[in-house]
Amino acid sequence: MASTDTDTDIATAIATARNRFDSGATRPLTWRRHQLEQLALLLRENGPQIEQALWTDLHKNPTEAQLAETGVVLGEITHTLRNLKRFTKPRRVSLPLSLQPASGRLVREPLGVALIIAPWNYPVQLLFAPLVGALAAGNAVVLKPSELTPTVSSTIAQLVPKYLDLQAVHVVEGGIAETTELLSHRFDHIFYTGNSVVAKVISRAAAHHLTPVTLELGGKSPAWVDDDAHLDQVARRIVWGKFMNAGQTCVAPDYILTTPDRVDSLTTALRRAITDMLGEDPSQNDDYGRIVNDRHFARLAGLLADAEIAIGGEQDARTRYLAPTVVHAPAPRALDAEPAYMREEIFGPILPIVPVTDADAAIAYVAARDKPLALYVFTGSATTRAAFIARTSSGGVGLDTPMLQAGIAELPFGGVGASGTGAYHGQYSIDTFSHKKTVVRKLHVLDTLRFAQPPFTPAKRKIA
Ligand code: NAD
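The residue numbers shown here count from 1 along each chain, following its written sequence. Owing to the predicted nature of the model, reporting of local features is limited to residues with pLDDT of at least 70; listing and counting of side-chain atom pairs is limited to 80 or more, with chain, interface and lining totals taken over all residues. Values reported for side chains reflect all heavy atoms of the structure, with hydrogen atoms and water molecules removed beforehand.

- As recorded by an unreviewed UniProt entry, the protein chain carries the name Aldehyde dehydrogenase and is attributed to Microbacterium aerolatum.
- Database annotation for the protein chain, UniProt heading Sequence similarities (unreviewed entry): "Belongs to the aldehyde dehydrogenase family." UniProt positions are given in the numbering used here, feature names are shortened, and annotations may be inferred rather than shown by experiment.

**Things to note about the overall build of the protein chain**
Point 1. When you go through the protein chain residue by residue, the secondary structure sums to 15 helices and 18 strands.
Point 2. Here the globule rule reads 2.2 Å times residues to the power 0.38, and the radius of gyration is calculated from C-alpha atoms. For 464 residues, the compact-globule estimate of 2.2 N^0.38 gives 23 Å, and the protein chain sits close to it at 25 Å.
Point 3. With the C-alpha coordinates aligned to their principal axes, the bounding extent of the protein chain is approximately 80 × 60 × 45 Å.
Point 4. Burial statistics for the protein chain: of 464 residues in total, 54% are counted as buried.
Point 5. The contact definition used throughout considers only heavy atoms, calling two residues in contact when any of these lie within 4.5 Å. Counting only contacts in the protein chain whose residues sit at least 6 apart along the sequence, the fraction spanning at least 24 positions is 73%.
Point 6. Positive charges come from Lys and Arg, negative ones from Asp and Glu, while His and the chain ends are left out of the count. Lys charges are placed at NZ, Arg charges at CZ, Asp charges at CG and Glu charges at CD. For the protein chain, the distance from the average site of its 46 positive side-chain charges to the average site of its 47 negative ones is 15 Å. Secondary structure elements follow DSSP: runs of H or I of four or more residues count as helices, runs of E of two or more count as strands, with numbering from the N terminus. Three exposure classes are used, based on accessible area relative to the maximum for each residue type with a 1.4 Å probe and protein chains only: buried under 20%, partly exposed in between, and exposed over 50%.

**A short note on the sheet that holds strand β5 (residues 169-171)**
Point 1. Strand order in the open sheet formed by six strands is β5-β4-β3-β6-β7-β17, and the pairing between neighbours is mixed. Each having just a single partner strand, β5 and β17 (420-421) make up the two edges of the open sheet.
Point 2. In the sheet, strand β6 (residues 189-193) pairs with strand β7 (residues 213-216) via four bridges, with the strands oriented parallel. Residue F191 lies in a different strand from β7, and its bridge partner there is T214.
Point 3. Geometry is summarised by axes, namely lines fitted to C-alpha atoms with helices restricted to the contacting stretch, and by angles between N-to-C directions that run from 0 to 180 degrees. Set on the sheet, helix α5 (residues 125-136) makes contact with β3 (113-117), β4 (140-144), β5 and β6; between it and β4 the angle comes to about 170°.
Point 4. Packed on one face of the sheet, helix α7 (residues 176-183) meets β3, β4 and β6 and runs near 155° to β3. Here a strand pair is declared whenever DSSP counts at least two bridges between the two strands.

**Topic: the side chain of E64**
Point 1. By the secondary structure assignment, E64 is in helix α4 (residues 62-88).
Point 2. Excluding residues within four positions of it along the chain, E64 makes contact with E69, M244, N245 and D287.

Structure below.
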């Protein structure tokens, strides 16, 4: 491909970031602390502009934007600043007696220049939350926001240079062409959030330079429901988690598994919860989002074509409105005979209810498929909770609630298998963007190393 001005800009941005890192400027805790404080300032001073951009691109309600985007990043910054010294300080490790006298330390060092590629669904949170970890660990960073939320992307590109170290942090806007050009360069870490098809493109490009990757992907996150005593509350929580951001959330419950005799009562409770939270006509409610673009709208409309719609289903292609929708799925069958909405991640406001005989059948159903990013269990039974945790694998588990496990700074957030590789938040972000270097010193006094050195006399063999 011929070199373009953008290619030159990208090469310059990466070279500048590398020079800045190589200068050592990003290593002191004072620099890291200042960058985190500046990022917090960026979010605080420009809240309305950021919220307006999220409204323009995603019809995201400003309160939801504060809760699920800027608020999450600010929480991450507060937690990291409070613990920065503890998270980054070298850790002394006591060594086995056979090595004494000696000392051991674990030293966290920054990796260098990190590339962070973000998706469109939480375009602020998913770009800036990893940035918190990258900066806290002392790296220079290139940020690539999603081109599918262009107002957010340009807002970020305009704000970042005003607040953060101009040489260390760069924003490269653009889509496939720009990302492809970025990926042709060597980075020291690539942190990608998005779909699994592109994750393979990223992984192949990273392999070329032996660059480590963190892949934050998605998948079909199931929710098991058998909690008859709390049906209304369960329905409210599922409706909240599923229809937030019009279902375009990586940890949204993708579908419900329940027993056939519960399908009707659960459907009634879900209808009540939808009306309660979003009104009779969610198209008129500013609390409800829109589908990000025409391609995704057409994809979701296609999933509904043959579906048995129990609630919702109303669509308006012009405004990309798709009502909160519940569908009654058939009983599980061979994967290629499943309806399309049970074969792929839905990533929109369509919630299938799949009837299965019991919790054991639900566990078998989940365990036979790709490992999801989240698994939700709504039950009154401790045995059922324990069985799901022990016999299924997922990035995280929510008991009696969706979503919360994804936003806790004290706990790692990440997938497993098809839902991702690596994790972040708080200490785990710093670990992701650091190399954990082992440093060992063997003292000269009492030179016990002689026992490991030739000549290997019979006496030495006995000691070994
Ligand atoms: P997207 O289309 O915005 O793509 C993500 C990023 O990849 C963008 O920056 C885009 O420019 C880049 N990209 C797209 N095509 C590319 C290509 N061919 N080569 C190089 N780069 C390319 O977002 P998306 O993938 O539609 O996001 C939705 C997916 O992300 C869902 O599967 C969802 O579950 C997952 N997701 C996961 C998390 C998580 O934290 N684990 C969070 C949000 C979304």
